[in-house]
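Understanding the architecture of this molecule
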Amino acid sequence: MTQPARSATDEAAVRFSAVSKRFGKTLALNEVSLAVRRGEFMTLLGPSGCGKTTLLNLAAGFFSPEGGEILIDGERVNDLPTYNREIGMMFQNYALFPHMTVEGNVAYGLKARHIAKPEIDRRVAEVLGLVKLAGLEDRKPRQLSGGQQQRVALARALVINPTVLLLDEPFSALDKNLRASMQVELREIQRKLGVTTIFVTHDQSEALSLSDRLAVMSEGRIRQLGTPEEIYRRPLERFVASFVGDANVLRGRLERIEGAHAILALGATQVRVPKGSLRGGAVSAPVDLYVRPEHLEVIETSGPCARSGTIVAQIYQGGYVDLFVECTDSSIERLLVRSAGHQAMTRWPIGTKVGLAISTDEGVAFPIA
Ligand SMILES: Nc1ncnc2c1ncn2[C@@H]1O[C@H](COP(=O)(O)OP(=O)(O)OP(=O)(O)O)[C@@H](O)[C@H]1O
Ligand SMILES: [Mg+2]
């Protein structure tokens, strides 16, 4: 088994440096640069076709990039075949070997690496304990539930002690509850082992809840890299603001700049936002304010409001209520207000005339293109 020597000079476990990949006329990746730290849980998030799987496949060595460099542990791997990369993989259709037992499936990668039998037995037992499958060694995949099959696939990826774990939408076939519990377990196991992980999803709530950092992608580029909180609270561009989480877009006006902040006028109120995303927009110019539904509040119409409108729908969500408010202040806007608890259901019935207030310091504003 040839394992590239670990380099102490590169702190990144995986580094993509201006990586481009083309399929015919499609530029699937356009000079993507990304450094994944050792032990980090990095998520690639983006709409269908944005290049997530392509980036993962390049890390795995299924094909080579046309331009740029890929380094694993400081070693250039552009032309290193998959079987020399020490990579654990789990894909959406994780394709267990149907004729092999759980034990056989998990041991497969070790046998292929010519590891001695006692060592294989020890590692298979250890990893099956880790994914809570001890006792099911002799079952065939068809005798397992969906969640158990998923665990076999995870065990199979982990058993080789991979330098990097690559996961491509591994839970997308599972129902909501199973998916949630597998997410928690994956994160626990990943932390315990400290294995560098690149996880692909187009599910933004999965990305926000699991990742140390996430890279939001579209059209073959990384649009923003940051912690879940940075991405959610301080999106740097409209695409990120609308793709990650729900956002209301309200037209306002730039009133003035105060230090690092911009003061916006919305209806009869003023809202403070970071000025960075406005890129020096002119005072009194129109701007779009992106506000999360939990940062809008329904208020009485008697006070100063950012908007006024009518409650047109209520959706009970269990822990919170979604209220839809149709505003006709300027053009017609349908805004979503997320209210914790259930009281909003009775307090603001459908048809009520209401005002809206915006939490200060929470929104992000962009100039009108
Ligand atoms: N083998 C291939 N041959 C031709 N085009 C390809 C190939 N693989 C990917 N593409 C194209 O490259 C682009 C990126 O594809 P990729 O599979 O990386 O997207 P993705 O972000 O994983 O999307 P999804 O969320 O749907 O899985 C798409 O336009 C896709 O059609
Ligand atoms: Mg994909």
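Structure shown above.
Below is a summary of the structure that appears in this document. (Residues numbered from 1 in each chain as written. Chains lettered and ligands numbered in written order. Predicted model: local features only at pLDDT ≥ 70, side-chain atom pairs only at ≥ 80, totals over all residues. Heavy atoms only, no water.)

Ranked by internal contacts, the top residues of the largest apolar core, which has 33 residues, are V106, V124, L128 and L154. Sorting the residues of this core by element identifies α2 (102–112), α3 (117–130), α4 (146–158), β7 (164–168) and α5 (176–193) as the ones contributing at least two each. Of the residues forming this core, the biggest block, 6 residues, is contributed by α4. Setting aside residues up to four positions removed in sequence, V124 forms contacts with E103, V106, A107, L110 and V159. (Core = buried A, V, L, I, M, F, W, Y, C linked by side-chain atoms within 4.5 Å. Buried < 20%, exposed > 50% of the residue type's maximum accessible area, 1.4 Å probe, protein only. Helix = DSSP H or I, 4+ residues; strand = E, 2+ residues; numbered from the N terminus. Contact = heavy atoms within 4.5 Å.)

Bringing the environment of M90 into the picture now. Mapping M90 onto the fold places it in strand β6 (residues 87–91). Filtering out sequence-adjacent residues up to four positions away, M90 remains in contact with Q150, A153, L154, L166, L167, D168, P170 and F171.

Read across the open sheet, the 5 strands follow the order β15-β19-β16-β17-β18; overall the sheet is antiparallel. The open sheet has two free edges, formed respectively by β15 (296–299) and β18 (333–340), since each of these has just one partner strand. When the angles between neighbouring strand axes are averaged without regard to direction, this sheet yields 45°. Relative to strand β17 (residues 320–327), strand β16 (residues 307–316) is paired through 7 bridges, and the arrangement is antiparallel. Within β17, the residue paired with T310 across the bridge is E326. (Pairing = 2+ DSSP bridges. Axes fitted to C-alpha atoms, helices over the stretch in contact; angles between N-to-C directions.)

Attention now moves to the packing of α2 against α3. Viewed as axis vectors pointing N to C, α2 and α3 meet at an angle of 125°, and their least axial separation amounts to 10 Å. Taken together, α2 and α3 sit at an angle that is classed as oblique. Crossing of α2 against α3: the hand is right-handed. Each of V102, E103, V106, A107, L110 and K111 in α2 lies in contact with α3, whose residues at this interface are I120, D121, R123, V124, V127 and L128. Class assignment of the residues belonging to the contact of α2 with α3 gives a composition of 8 nonpolar, no polar and 4 charged. (Parallel < 35°, antiparallel > 145°, perpendicular 65-115°, else oblique. Left-handed = near helix turned anticlockwise from the far one by under 90°. Nonpolar A, V, L, I, M, F, W, Y, C, P; charged D, E, K, R; others polar.)

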